[in-house]
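Summary of the model geometry
The primary structure of each chain is shown beneath.
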Amino acid sequence: MSLISAHGVGVKLGGHQVLSGVDFAIDSGEIVTIVGPNGSGKSTFLRVLIGAQPVTSGRIVQADGLRIGYVPQKLHIDPTLPMTVGRFLSLPRRHPAAELAQALIRAGAPHLEDRQMVDLSGGQFQRVLLARALLERPDLLILDEATQGLDQPGSAAFYRQIEEVRRELGCAVLMVSHELHVVMAASDRVICLNGHVCCQGTPEVVASAPEYRALFGTGTQGALALYRHDHNHSHDADCDHASHRHEEDA
């Protein structure tokens with residue numbers, strides 16, 4: 001059984017049909033990326049999956065006891081509010097210091113417990129958000145444009161950390177990102193969303209799909225050539241795959 005699945009999901013907001021007939025599923029250990037233009041319903045779909053946005057039609061099915069960790073696109077903290085990283089990670093429920101330290105290590109941000117949240121760099125802040133999501137040892141980690149505002153080296157380092165988290169915890173990862181070639185190369189499967197699922201499959205399959213190229217052009221297809229992929233997969237007519245693994249050169 002999939003960790004979570006969507007069946008014919010539709011969402012209407014303010015009289016506007018944001019999502020229509022979306023089918024989706026993610027299995028344990030997968031890294032899946034959702035790409036699409038602005039206004040394509042990506043963030044709305046993530047909110048549907050975490051239960052923050054009701055559906056107008058269709059349904060969401062979760063595995064029993066599913067634990068979801070969520071890293072938002074951004075989080076505003078009042079700069080006048082004194083709050084250490086350790087205190088932030090212990091809201092709303094306190095965790096032992098050893099658990100906080102381990103979560104920060106897994107997120108690639110060790111020894112930040114006593115730093116003030118307002119003093120963190122953009123990359124450190126996002127890693128602390130990741131650490132908070134990891135505290136519950138999620139079965140599914142969801143990231144909504146978690147590297148927004150980071151430079152390209154910072155984004156690439158963040159996604160490498162996500163791959164390490166997947167290897168260590170065995171959790172599935174679902175990401176939305178505007179950094180197409182970086183995040184797609186880190187993915188097992190890519191779903192192109194534009195109100196509905198346009199196409200899906202491995203990064204190479206999607207980057208070559210006419211529906212994807214109509215939305216984004218051919219630049220990402222060329223960028224993907226920068227990465228060496230070691231495949232072990234098969235495609236059906238819907239360009240889904242059985243399994244896929246890769247190594248990244250860049």
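You'll find the structure just up there.
Overview of the structure. Here the residue index of a chain counts from 1 through its sequence in written order. Selection of residues for local features in this predicted model requires a pLDDT of at least 70, selection of side-chain atom pairs for listing and counting requires 80 or more, and totals for whole chains, interfaces and linings are taken over all residues. Excluding hydrogens and water, the side-chain figures rest on all heavy atoms present in the structure.

This next bit is on the sheet that holds strand 9 (residues 197–201). Strand pairing is assigned whenever DSSP identifies at least 2 bridges connecting the two strands. Working definition: helices are DSSP H or I runs of at least four residues, strands are E runs of at least two. Numbering for both runs from the N terminus. As summarised here, the arrangement of the six strands in space is 5-6-7-3-8-9, forming an open sheet in which the pairing is mixed. Edge strands, defined here as strands with exactly one partner in the open sheet, are strand 5 (68–71) and strand 9. Each neighbouring strand pair of the sheet contributes to a mean axis angle of 15 degrees, computed without reference to strand direction. Bridge analysis of strand 8 (residues 189–193) against strand 9 gives four bridges, and the strand direction is antiparallel. Here an angle of 0 to 180 degrees is reported between the N-to-C directions of two axes, which are lines fitted to C-alpha atoms, with helices fitted over the stretch in contact.

As a further point, take the packing of aromatic side chains. Whether two aromatic rings pair depends on their centres lying within 6.5 Å, for rings of Phe, Tyr and Trp, where Trp uses its six-membered ring; planes under 30 degrees apart make the pair stacked, over 60 edge-to-face, and the rest tilted. This structure, assessed with the given rule, holds three aromatic pairs. Between the aromatic rings of Phe158 and Tyr159, the centroid separation amounts to 6.0 Å while the plane-to-plane angle is 80 degrees, which identifies the pairing as edge-to-face. Of the two residues, Phe158 and Tyr159, neither departs from the other in class, the shared state being buried. On the basis of an interplanar angle of 40 degrees and a centroid distance of 4.8 Å, the ring pair of Tyr212 and Phe216 is categorised as tilted. Highlighted residues: Tyr212 and Phe216, both in helix 8 (residues 210–216), separated by four residues, approximately one helical turn. Accessibility here uses a 1.4 Å probe with only protein chains present; expressed as a share of the type maximum, an area under 20% marks a residue as buried, one over 50% as exposed, and anything in between as partly exposed. We classify Tyr212 as buried; its relative accessible area is 0%. Accessibility expressed as a relative area gives 25% for Phe216, which makes it partly exposed. Think of it as a cone above the ring: NZ of Lys or CZ of Arg counts as a charge over the ring if it is within 6 Å of the ring centre and within 35 degrees of the ring normal. Over the ring of Phe88 we find Arg132, and its NZ or CZ is 4.7 Å from the ring centre.

Turning our attention to the packing of helix 3 (residues 97–106) against helix 5 (residues 152–169). As a packed pair, helix 3 and helix 5 sit with axes 10 Å apart at the nearest point and diverge in direction by 125 degrees. Classified by the angle their axes make, helix 3 and helix 5 are oblique. Residues Gln102, Ile105 and Arg106 of helix 3 lie in contact with helix 5, whose contacting residues are Gln161, Val165, Glu168 and Leu169. Should an angle fall under 35 degrees it is taken as roughly parallel, and over 145 as roughly antiparallel, whereas 65 to 115 is taken as roughly perpendicular and any remaining angle as oblique. Any two residues whose heavy atoms approach within 4.5 Å at even a single point are treated as in contact.

A word on the layout of surface pockets. Detection works on a 1 Å grid of protein atoms alone, calling trapped sets that fit a 1.4 Å probe cavities and calling open sets with protein on both sides within 12 Å along at least five of seven lines pockets, with lining residues defined by an atom within 4 Å of a point. Grid points are joined across faces, edges and corners, and a volume is the space filled by probe spheres set on the points. Considered as a void within the structure, the largest pocket measures approximately 240 Å³ in volume. If you go around the largest pocket, you meet 17 residues; those closest to its centre are Leu89, Leu91, Pro92, Arg132 and Ala133. Looking at the lining of the largest pocket, the elements that each hand over two or more residues are strand 5, helix 2 (85–89) and helix 4 (122–134). Residue classes follow a fixed rule: Ala, Val, Leu, Ile, Met, Phe, Trp, Tyr, Cys and Pro count as nonpolar, while Asp, Glu, Lys and Arg count as charged, and any other residue, Gly among them, counts as polar. Among the residues forming the lining of the largest pocket, the class breakdown is 11 nonpolar, three polar and three charged.

Another point: unusual backbone geometry. Leu91 connects to Pro92 through a cis peptide bond whose omega is 0 degrees. Structurally, Pro92 can be placed in the loop between helix 2 and helix 3. Residue Arg137 is not a glycine yet carries a positive backbone phi of 45 degrees. Mapped onto the elements of the fold, Arg137 is located in the loop between helix 4 and strand 6 (140–144). For Arg137, a relative accessible area of 41% puts it in the partly exposed group. One non-glycine residue with positive phi stands out, namely Glu145, at about 50 degrees. Looking at the secondary structure, you find Glu145 in the loop between strand 6 and helix 5. By relative accessible area, which is 9% here, Glu145 ends up buried.

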